[in-house]
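Each chain, written out:
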Amino acid sequence: MTRQFGRALAAGAILLIAMSGRAEAKSDIVIDGSTTVGPLAKSFAAWFTKTRGVPVTVSESGSGNGAKSLINGTCDIATMSRSMKPEELAAARSKGLAPVPHVIALDGLAMIVNPANPVKSLTKRQIADIYKGAVTNWRQVGGPDARILPVQRESNSGTQETFKELVVGKKVHVVASAETQASNGAVKNRISLTKGAIGFVGLGFVDPSVKKIAVDGVVADPVSVRDGRYPLSRPLLMVTAGEPSGLVRDFIELPKTLEGMKMVKELGFIGKY
């Protein structure tokens, strides 16, 4: 009887271990937030799913919505192209959460124009004046006699928040005639099709369909972003509700690995590690 009971316990232990293994294999990671960080998150997710067998869901609803999802417990990781706001941190703490930001890469907020535009450089002051409506014609900043179309991001965008903080001022309203686009890709496409337009995107989204212009005489590139000379530099973040553990911790640490560094570089961002 004792021997049979022992065999039953052993069998039960083996079953529990097997079930635990299956549960681990079926665990998933849910990510939501920044469209800027989106390509990195998706690249990491594909690699993680392939190598670890763990499903990873990535949504790109904007940094603000990523923060909300983290606070509400509907995602494991919020991707953000800005820091959490005081009110977001307060909301998180009211639920007993202690958000932890993890820098996964560095980025330069590239100012872009149509390739047909001869303007090669603007000062931060000139860019601010364009977005505040004080400068409306390219002729006022050394360009052709043509109307300027400022293109911005939606209010929930971390890229928009960073631009306002670094260029026009957090509480300053962008001119009403500015056009709003929902993603980095949409901004890039609009600029590529519009000779008089100007916009801003994450450095990883720049391609030959648009032209980068220097800001205060400095062009955004990996060197100028990493050493801080480019005035519109920023960190890209993955934020967890507390210190990460298990699969989430392994995912967060991908940028520190050789494979992660390779993905960051291939996508046009700048590695921190």
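Residues numbered from 1 in each chain as written. Predicted model: local features only at pLDDT ≥ 70, side-chain atom pairs only at ≥ 80, totals over all residues. Heavy atoms only, no water.

**Let's talk about the layout of surface pockets**
Here is step 1: Quantified by volume, the largest pocket comes out at close to 310 Å³.
Here is step 2: Looking at the largest pocket, it is lined by 16 residues, and the ones nearest its centre are Arg 82, Ser 83, Glu 161, Glu 165 and Lys 170.
Here is step 3: For the lining of the largest pocket, the secondary-structure elements that each account for two or more residues are helix 4 (86-94), helix 6 (158-168) and strand 11 (233-240).
Here is step 4: Looking at side-chain class alone, the lining of the largest pocket contains five nonpolar, four polar and seven charged residues. (1 Å grid on protein atoms, 1.4 Å probe; cavity = no way out; pocket = protein on both sides within 12 Å on 5 of 7 lines; lining within 4 Å. Points joined across faces, edges and corners; volume = space filled by probe spheres on them. Helix = DSSP H or I, 4+ residues; strand = E, 2+ residues; numbered from the N terminus. Nonpolar A, V, L, I, M, F, W, Y, C, P; charged D, E, K, R; others polar.)

**Overview of the pairing of strand 4 (residues 100-113)**
Here is step 1: Of all 14 residues making up strand 4, twelve are buried, and the element is well covered by its neighbours.
Here is step 2: Taken together, the eight bridges between strand 4 and strand 11 define a ladder with antiparallel strand orientation. By the bridge assignment for strand 11, Val 100 is matched with Thr 240.
Here is step 3: Note: strand 4 against strand 8 (residues 197-202), five bridges, orientation antiparallel. Among the inter-strand pairings, Ala 110 is bridged to a residue of strand 8, identified as Val 201. (Buried < 20%, exposed > 50% of the residue type's maximum accessible area, 1.4 Å probe, protein only. Pairing = 2+ DSSP bridges.)

**Some details on the packing of helix 5 (residues 124-132) against helix 6**
Here is step 1: Two elements in contact, helix 5 and helix 6, have axes whose closest approach is 9 Å; the angle formed by their N-to-C orientations is 120°. Between helix 5 and helix 6, the angle falls in the class oblique. Where helix 5 approaches helix 6, its residues Lys 124, Ile 127, Ala 128 and Tyr 131 are matched on the opposing element by Phe 163, Leu 166, Val 167 and Val 168.
Here is step 2: Split by residue class, the contact of helix 5 with helix 6 holds seven nonpolar, no polar and one charged. (Axes fitted to C-alpha atoms, helices over the stretch in contact; angles between N-to-C directions. Parallel < 35°, antiparallel > 145°, perpendicular 65-115°, else oblique. Contact = heavy atoms within 4.5 Å.)

**Structural notes on the pairing of strand 6 (residues 149-153)**
Here is step 1: Along strand 6, five of the five residues are buried, which leaves the element largely enclosed by surrounding structure.
Here is step 2: Of the two faces of strand 6, the one holding Leu 149, Val 151 and Arg 153 and the one holding Pro 150 and Gln 152 are both buried throughout.
Here is step 3: The sheet contact formed by strand 6 and strand 8 spans two bridges and is parallel. Directly across from Pro 150, in strand 8, lies its bridge partner Ile 198.
Here is step 4: In this sheet, strand 7 (residues 179-181) lies alongside strand 6 in parallel orientation, the contact comprising three bridges. Each bridged residue has a counterpart across the sheet, and for Val 151 the counterpart in strand 7 is Glu 179.
Here is step 5: Viewed along the sheet, the connection from strand 6 through helix 6 into strand 7 turns out right-handed. (Right-handed = clockwise from strand over helix to strand, strands pointing away.)

**Re unusual backbone geometry**
Here is step 1: For Asp 216, which is not glycine, the phi torsion reads 55° and is therefore positive.
Here is step 2: For Asp 216, the location among the structural elements is in the loop between strand 10 (214-215) and helix 8 (222-226).

**Overview of the side chain of Asp 107**
Here is step 1: Following the sequence through the fold, Asp 107 ends up in strand 4.
Here is step 2: Side-chain polar atoms of Asp 107 contact the backbone nitrogen of Leu 203, separated by 2.9 Å.
Here is step 3: Among all residues touching Asp 107, those that are not within four sequence positions of it are Thr 36, Gly 202, Leu 203, Gly 204, Val 225, Leu 232, Ser 233, Arg 234, Leu 236, Phe 269 and Ile 270. (Polar contact = N/O pair within 3.5 Å; in protein donor to acceptor, adjacent residues only side chain to side chain.)

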